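# Topology and contacts: notes
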Amino acid sequence: MTKIPSASRQNSSASPRLEVPLDHFAKKGSVVSPSQENAPENGVVGNVGAQSTLGTNTIEDDFRFDKYLKARWDKAAEEGITLREIGVTFKDLRAIGLGAALKYQNTIFSALNPLHFISHVRSILHPPVKNILEGFEGTIRPGEMLLVLGQPGSGCSTFLKTLANERGGFHAVEGEISYDGISPEVMEEHYRGDTGYSPEEDIHFPTLTVRQTLGVSTAARAPRMRIEGQSRQQYIHNIVDILGIVFGLTHTFNTKVGDEHIRGVSGGEKKRVSIAEMMSTRVRVACWDNSTRGLDASTALEFTTALRIATDIAKVTTIVTIYQASESIYRLFDKVAVLDAGRMSYFGPAERARDYFMNMGYEPAYRQTTADFLVSVTDPTSRVVRQGYEAHVPRTPGEFAAFFKKCDLGKANAADVQQQLYNIRRDEQIATYRTSAHAEHAKRQRKKSPHTISLYLQLGLLIKRRVQIIRGDMTPRAILAFNFIWQALIMGSIFFQLPVATSAYFSRGGVLFFSILFSALTSMSEIPALYVQRPIVARHQRAALYHPFVDALALTIVDMPISLTILLVFDIIIYFMTRLQRHPSNFFIYVLFTFLSSLTMKAFYRGMAASFAKASEAQAISGLGTLVLVIYTGYTIPRPTMIGALKWITYLNPITYAFESLIANEFHGLDGKCSSLIPSGPGYENVNIANQVCSTLGSVSGSDTVNGDQFIYANFGYKYSHVWRNLGILLLFWFAFLLWFLYQTERGGNTSSGGGTQLIFKRGTSLPKTESKDEEEHDRTIMDNTIGRQAAADTRHDPKTVLCSSKSVFSWHHLTYEIQLSRGNYRRLLDDVSGYVVPGKLTALLGESGAGKTTLLNALAERQTTGVLTGDRFINGGPLPADFAAQTGYCQQLDIHLETTSVREALRFSAVLRQPATVSRAEKYTYVEEVIRMCEMESYAEAIVGVPREGLNVEQRKRLTIGVELAAKPQLLLFLDEPTSGLSSQNAWAIMKLLRSLTDHGQAILCTIHQPSSELFHFFDRLLLLRKGGQTCYFGELGPNSNQLLHYFESNGARKCEDWENPAECMHILDVIGAGATARSSIDWHAAWRKSPRCREMRQQLDDIIKRSEGSAPAAKTQKKPPVFPAPVGFQLTELLRRAYQNYFRDAMYLASKLAVNIFAGEYRLFIGFTFFNTKHNYQGVQNSIFACFMGVVVGSFHSNMLQVPFIRLRQLYEDRERQSKMYHWIPLVTASMLVEIPFNIIGSTIFFFCWYWTIGWPSEPDRAGFQYFVYGVIYPLYYTTLSQAVASVSPTAEIGGLIFGALFSITVLGVLQPYHQLINFWHWLYHLSPFTYLIEALAGNGFGGIALQCSDPEFVTLTPPSGRSCGDFMFKFIQANGGYLVDGASMSSCRFCPVDSADKYLSTLNIYFRLRWRDVGFLFAYILFNMSMIYFGMYMFRVRTWNPFRLIASRLRRATPK
């Protein structure tokens, strides 16, 4: 065995040091030009800032980070700036998490089970807890680096969080933790920003550039005392520049960070942004959680080296967990902690850890890195016990922890902890620390505050950031502005040029009602965006960058001028198109109240978003509240006609006060010409006005005009004198909602979570038993492998008996791939790449980040959808078969699976749809069981995939991804994209062991890989090495111990690889090609490869493959063309329906939300029913019933927005993974997605109907009630289901789908807010085209058609008959022609007349007829069929053919733009 030399450093309790080569960055980093190297340098990435010395003359290739940092630190000390340092000591540390390790999956049936509800309440009152960490003790001093090692689930992240003082999400953290004498409570309250935790996930504002992202964190922690009196802006600029150079980010400074929807920097660059962001905050205790994930080996080493330099010079206390740490990285650490199932197996010097475990009795594998060896000791399936030690070595976590405490290293560690906890210089250190922290605070900042800058500076910084966020992506604002303008034009034209007459009084109210509601309720769309930014703000709060409430206030301030601008355009269009009162005072009061109501409702919805943990909860509650606010605004049902028990709601509704002010402002001083005098018409031509009266409420007998103030008082109970009172009330509402928003934002800023991953099992299966401690120890003893037993275990499941051995050679020739950039430019991602994969050989595809590894894999697997690909791909020298995708397996880098399916179900679904139809289902299921055993997934075969922290862990998901592809029995080859990325070393080894066994039994495999250890690298047979630009640097055999690879590079000028080094790491292969964030290479390895004999040999081998195929190619033409999809379409539909129903029943959140809407909407129906309870058979009653129908239709919009989410989610799964695998056709997917929704929506509408119909007081006759149920309970659910899915089929996201659906839904106002006869001629066609015209006509006409009406007292008009004539005689001809009735026809002085005596007469004015109800049903069915066809058409045009009209228009504009 070759022993790896230990790092040359001395470890002492006082000041451990590492001799980091000072020329490390000179060789491969970025550095200052010679003219600046000796100049006064004033920047630091540690505790003080710097004056800018970086400009156009900066030469990054000459930068020396170590010298730069040392010079800054010395300069700060010279100027008397106190530099603080702090370590962390812990004893008897115990972290307790919430939740059991195993649980059953929630389904809709379990959610409705009363017993389950009781157990849920019990779990809330007495939550199950578990120990995550137990019995930890140790100390890390300033200037020391601790490496934390352990398998996933061992507690590494929890350990880092507790040391970083992040305790949110844990049930309890017990034991003693001391930050050099400062308690965790004091650190949290006063010095929170000095402890930092960098999570594994990289979440940033996607529309900010890299420079802007780093600028915020740097500015928020910029100290007041800066060397040489530099300005604040100089400090920020310098620190950002230095971090960009150190981490190779300068070329990305003006690039957006991006996310899955917005194109930005690469994954590796985003990880470096996260690292740089935390370093810019100058933390004193820095905890890095697997921060090398996604980085290539060279960049990972550069990052760790930078940490080493900063730790040594700035005396930072650094704690890092790395899953796959190379030997070069390991040697940079002072101490190492080995964790095993929440227990500490080792804590001490890193250089002694290997010998410690070897002396214990464990044996490292050949060329196994120290980190891998330490982790393997904690894995019973991977560790190797030395012969003769089988009966003596510890095996369980408890035994390892006890063994360590008893040994000399454990005792020394305990003594060191004791010394640190009771240091006699504690008070002096604390005073120095406090002085340094206070000196950094801004002048106006409280000295005891954990934040460095004042509230004023925070607000200015965050206002600037909010503007940058908006400018980074103007699309949402542009869509919002377009939506406002579009709706204003539509409404303005619908109510175009209203006359100053009583016929337009109702329409004026409709305009004002829409104006205030649309501007106010559009704010609800902001809820999802607030949840997207919540984890970012929470992380910044933990880092003490700023208060979350200040960010909320900045959002409000920045949004106000934007909202005012958009709303002003909206108001101008509507106000002047509809011809509202054209007086300056009226117009500005109109703008004032629409703007203030918009601000108030925005604050309300933001407060709702800040008060709930999940967006779905906030949206559900906000949506239901919105419906209540709409009904009780005072327009759909005027306040005088409300029942007393619910009238109080209007006093709590801010929109009510705004609406009253708008109505009073518009009608004040308005005298409308009467449009309908009673009596008038034939026989009344010469009647004096004194004997006539206007039919409008508020009219006065003998007047041909109706005063607006009297009209609004008679109809709504409104007064103009309330306008300014309402302004004060509305301001109070806005201020109260704003305070609520700010308070909840600050209170809910901490979203930390803890407790590890829970494995969730399908109901109906038995959970794996949780053994007692003794049983666990016994089982783990049995599981341990000696060298001989491990070899025997490797053959337990022989893939040869399961897999189809491939005999085909897959080759590619001169592949070049280019993508189009802006302005017609192209970027080449692959440059003349050639190679081949043969059966029985495991081929590695290696290269730095951005070298084109995934791009090449996608090109070979025919998964590229954009760009221009040239070159050839062959199978045995011939063309690819039509079913090439079905005969290959592709394991993506992301493990994409349906969350609600179990492991076994996912494998079976792949097998039944991808294996040939000639194979029986029983045979496919039997094969699936073999795959489960081969992939060692027996223990969690019935576990649900779930989501992070509640479902499969990273390794289990990766095994499932491989298993899903193996279940298809790929005949040709298997592609894998970084199958070990993000895994621990042992999990990565297990995955590679599986791939090796597949290869040994005839499977052809091409696999990309990041950071391969020596152990992993030796699993491969061949290597294709790429550098940036997709250029080949090597292709060929590796040879035993990689000797062929090493000989090639060493013979071409590379240095010799030492025996203990890993040839795949940055110190050799990636190093020599210039990989890494800042690395350079003096040799052009691509040119060297093209000139090498090995390249000529490879090309000859490719030519031979084609020549050998020439004789067999004609025979292939006679073979029958295989089907594209192995399973027939009908079988695909059956399986997809089975999966869809299973998904719905198991998606408890979705069905519970749908059920909640049903229940609350049912109560809402009762609410509507009691709001319009027992509607009177009078004029107002008919009008109220129409609004009751309208509000019932509005409920469908909530269901529609909700059901777009699962449709798009299943479609996304199809597009991301299942389409490329030719698993099934898109038509069965669309059909299944549509059919699965219909039963649930019909059931929901049925619940609505029974809560709604009879409470309103509609007819109880069977034909009326049955028709109403048929239309609303069956037809309407079919309509809104198909309409919403038609919208979803063309929408890339649910948010855009919601906007499109809202625009289509807005046409419901036609005929409701504006009667048909008052529409301008232009809109008549849309009125007849709108399906809601026929829906409202069917519902309202059926409800009130043929019913006699009786006027209420306010609806009677009183007139005086001519002298000497009775009321009956005077009104006889009018009543014969127009209907109505008199109370006392014999009266000679005062006639009380009811203008309407039949509902049909009133409904006819709205173009609603009872006799046409069955015609309306036919039209609605026609619309449903049209919607169905649009689902398939939209899916084909926008998702299958990927036709994008917006992209087409943009490309045409670019062509037309002169260059």
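Residues numbered from 1 in each chain as written. Predicted model: local features only at pLDDT ≥ 70, side-chain atom pairs only at ≥ 80, totals over all residues. Heavy atoms only, no water.

### Points about the overall build of the chain
A tally of regular secondary structure across the chain gives 52 helices and 29 strands. When burial is assessed residue by residue, the chain has 58% of its 1459 residues classed as buried. For the chain, the accessible area works out to roughly 57100 Å², and carbon and sulfur atoms hold 58% of it. (Helix = DSSP H or I, 4+ residues; strand = E, 2+ residues; numbered from the N terminus. Buried < 20%, exposed > 50% of the residue type's maximum accessible area, 1.4 Å probe, protein only. Areas by Shrake-Rupley, 256 points an atom, 1.4 Å probe, with all protein chains shown as cover.)

### Considerations on the side chain of asparagine 858
Residue position: asparagine 858 is located in helix H30 (residues 853-860). At 2.4 Å, the side chain of asparagine 858 forms a polar contact with the side chain of tyrosine 890. When sequence neighbours within four positions are dropped, the list of residues in contact with asparagine 858 reads Arg863, Gln864 and Tyr890. (Polar contact = N/O pair within 3.5 Å; in protein donor to acceptor, adjacent residues only side chain to side chain. Contact = heavy atoms within 4.5 Å.)

### A word on the sheet that holds strand S29 (residues 1391-1394)
Here we have 3 strands laid out as an open sheet, ordered S27-S29-S28, and antiparallel in their pairing. Single-partner strands in this sheet number two, and they are strand S27 (1357-1359) and strand S28 (1381-1382). By the bridge criterion, 3 bridges tie S27 to S29 in an arrangement that is antiparallel. Following the sheet pairing, threonine 1358 is matched in S29 by arginine 1392. (Pairing = 2+ DSSP bridges.)

### Some words on the pattern of salt bridges
Per the counting criterion, the structure on display carries 49 salt bridges. Note that glutamate 363 and arginine 386 form a salt bridge whose closest N and O atoms lie 3.3 Å from each other. A residue pair is termed long-range when its members are at least 10 positions apart, and glutamate 363 in the loop between helix H13 (350-360) and helix H14 (370-377) and arginine 386 in the loop between H14 and helix H15 (397-406) qualify at 23 residues. Its relative accessible area of 27% is what places arginine 386 among the partly exposed residues. We note a salt bridge from arginine 466 to aspartate 551, for which the minimum N-O separation is 3.6 Å. Here arginine 466, found in helix H18 (residues 455-472), pairs with aspartate 551, found in helix H22 (residues 548-577); they are 85 residues apart in sequence, far enough to count as distant. With a relative accessible area of 3%, aspartate 551 lands in the buried category. A cluster of three or more residues bridged by salt bridges with shared partners is formed by Arg84, Asp194, Arg221, Arg282 and Glu440. (Salt bridge = Lys/Arg side-chain N within 4 Å of Asp/Glu carboxyl O.)

### Some details on the packing of H15 against helix H16 (residues 408-421)
It is at 4 Å that the axes of H15 and H16 come closest, and there the two elements cross at 75°. As summarised for this structure, H15 and H16 are arranged roughly perpendicular, according to the angle between their axes. Of the residues in H16, those touching H15 at Phe404, Lys405 and Lys406 are Asp408, Leu409, Gly410, Lys411 and Asn413. Considering only residue class, the contact of H15 with H16 consists of 2 nonpolar, 2 polar and 4 charged. (Axes fitted to C-alpha atoms, helices over the stretch in contact; angles between N-to-C directions. Parallel < 35°, antiparallel > 145°, perpendicular 65-115°, else oblique. Nonpolar A, V, L, I, M, F, W, Y, C, P; charged D, E, K, R; others polar.)

### Here's the deal with the state of the cysteines
Counted under the stated rule, the structure contains 3 disulfides. One disulfide in the model links cysteine 1351 with cysteine 1394; its S-S distance is 1.8 Å. Linking cysteine 1351 and cysteine 1394, the disulfide has an S-S dihedral of approximately 70° and is accordingly described as right-handed. In this pair, cysteine 1351 is assigned in the loop between helix H48 (1331-1344) and S27 and cysteine 1394 in strand S29, connecting sequence segments 43 residues apart. Like cysteine 1351, the residue cysteine 1394 is buried in the burial classification. (Disulfide = S-S within 2.5 Å.)

### A closer look at the pairing of S29
As defined by bridge partners, S28 adjoins S29 across 2 bridges and the pair is classed as antiparallel. The partner of tyrosine 1381 across the bridge, within S29, is cysteine 1394.

### Thoughts on helix H8 (residues 210-220)
Counting buried residues in H8 gives 9 out of 11 residues, a clear majority hidden from the surface. Within H8, the full set of buried residues consists of Val210, Thr213, Leu214, Gly215, Val216, Ser217, Thr218, Ala219 and Ala220. Against the buried residues of H8 lie helix H9 (232-246), helix H10 (267-280) and H18.

### Re unusual backbone geometry
Cis geometry marks the peptide bond from isoleucine 678 to proline 679; its omega dihedral reads -10°. Inspection of the secondary structure puts proline 679 in the loop between strand S12 (677-678) and strand S13 (693-694). Here glutamate 936, not a glycine, exhibits a phi torsion of approximately 55°, which is positive. Topologically, glutamate 936 is positioned in the loop between helix H32 (921-934) and strand S21 (946-947). A relative accessible area of 36% means that glutamate 936 is categorised as partly exposed. Despite not being glycine, glutamate 978 has its phi angle at roughly 50°, a positive value. Considering the arrangement of structural elements, one finds glutamate 978 in the loop between strand S23 (973-977) and helix H34 (985-1000). With a relative accessible area of 5%, glutamate 978 lands in the buried category.

### A few points about the sheet that holds strand S18 (residues 842-847)
The strand order across the open sheet built from 6 strands is S20-S23-S24-S18-S25-S26, with neighbouring strands paired in mixed fashion. Because the sheet does not close on itself, it has two edges, and the strands there are strand S20 (888-891) and strand S26 (1031-1037). Averaged over all pairs of adjacent strands, the angle between their axes in this sheet comes to 15°, without regard to strand direction. With 5 bridges joining them, S23 and strand S24 (residues 1004-1008) adopt parallel strand pairing.

### Re helix H21 (residues 527-542)
For an α-helix, the turn length of 3.6 residues means that residues three or four places apart are oriented alike. Across its 16 residues, H21 extends 23 Å between first and last C-alpha, which sits within 8% of the 22 Å expected from 1.5 Å per residue. With respect to burial, H21 is a largely interior element, 12 of its 16 residues being buried. Where H21 is concerned, the buried positions are Ile527, Leu530, Tyr531, Gln533, Arg534, Ile536, Val537, Ala538, Arg539, His540, Gln541 and Arg542. (Expected span 1.5 Å × (residues − 1).)

### A word on the confidence of the model for the chain
Across the chain, pLDDT averages 81, with 85% of residues at or above 70. This model gives residues 1-59 a pLDDT under 50, and the stretch forms 177 contacts once residues within four places in sequence are excluded. (pLDDT = per-residue confidence, 0-100.)

### Focus on the packing of aromatic side chains
Tallying each qualifying case throughout the model produces 73 aromatic pairs. With a centroid separation of 6.1 Å and 80° between ring planes, the pair formed by phenylalanine 659 and tyrosine 718 is classed as edge-to-face. You can see phenylalanine 659 sitting in helix H25 (residues 654-667) and its partner tyrosine 718 sitting in the loop between helix H26 (708-715) and helix H27 (723-747), a full 59 residues away along the chain. The pair phenylalanine 659 / tyrosine 718 is uniform in exposure class, with both members buried. Cluster of aromatic residues (ring-pair linked, three or more members): Tyr505, Phe506, Phe513, Tyr635, Phe659, Phe667, Phe711, Phe716 and Tyr718. Over the face of the ring belonging to tyrosine 927 we find lysine 969, whose NZ or CZ atom lies 4.7 Å from the ring centre. The ring of phenylalanine 1267 has arginine 1413 sitting right over it, with the charged end atom 4.8 Å from the ring centre. (Phe/Tyr/Trp six-rings, centres within 6.5 Å; stacked < 30°, edge-to-face > 60°. Lys NZ or Arg CZ within 6 Å of the ring centre and 35° of its normal.)

### Here's the deal with the nonpolar core
Counting residues in hydrophobic clusters, the biggest one holds 168 residues, and the most contacted among them are Val1271 and Tyr1276. A per-element tally of this core places helix H43 (residues 1179-1218) first, with 16 residues. Once residues lying within four places of it in the same chain are set aside, the contact partners of tyrosine 1276 are Gly1192, Val1193, Gly1196, Val1271, Phe1305, Phe1332 and Leu1335. Judged by nonpolar contacts, the second largest core, of 121 residues, contains Leu214, Ile242, Val257 and Ala314. (Core = buried A, V, L, I, M, F, W, Y, C linked by side-chain atoms within 4.5 Å.)

### Focus on a positive patch on the surface
On the surface, Arg224, Lys443, Arg444 and Lys447 cluster together into a positively charged patch. Tracing the backbone shows arginine 224 in the loop between H8 and H9. Relative accessible area serves as the criterion here: at 32%, arginine 224 is assigned to the partly exposed category. (Patch = residues over 30% accessible without salt bridge, like charges linked within 9 Å, V, L, I, M, F, W, Y side chains within 5 Å. Lys, Arg positive; Asp, Glu negative; His and termini not counted. Charge placed at Lys NZ, Arg CZ, Asp CG, Glu CD.)

### Describing the packing of H8 against H9
Running from N to C, H8 and H9 point in directions that differ by 125°, and their axes come no closer than 9 Å. Considered as vectors, H8 and H9 are oriented oblique to each other. For the pair H8 and H9, the crossing hand works out as right-handed. Counted together, Arg211, Leu214, Gly215, Thr218 and Ala219 of H8 and Arg232, Tyr235, Ile236, His237, Ile239, Val240 and Asp241 of H9 form the full contact between these two elements. Of the residues that constitute the contact of H8 with H9, the class distribution is 6 nonpolar, 3 polar and 3 charged. (Left-handed = near helix turned anticlockwise from the far one by under 90°.)

### Some details on the environment of lysine 405
Tracing the backbone shows lysine 405 in helix H15. Sequence spacing of lysine 405 and phenylalanine 347 is 58 residues, and the spatial spacing of their C-alpha atoms is 9.8 Å. Excluding its chain neighbours within four sequence positions, the residues that come into contact with lysine 405 are Gly135, Gly410 and Lys411.

### Observations regarding the side chain of aspartate 551
In this structure the side chain of aspartate 551 is engaged in a polar contact, spanning 2.8 Å, whose partner is the side chain of arginine 465. In this view, aspartate 551 contacts Leu462, Arg465, Arg466, Gln533, Val537 and Tyr546; residues no more than four positions away in its chain are not counted.

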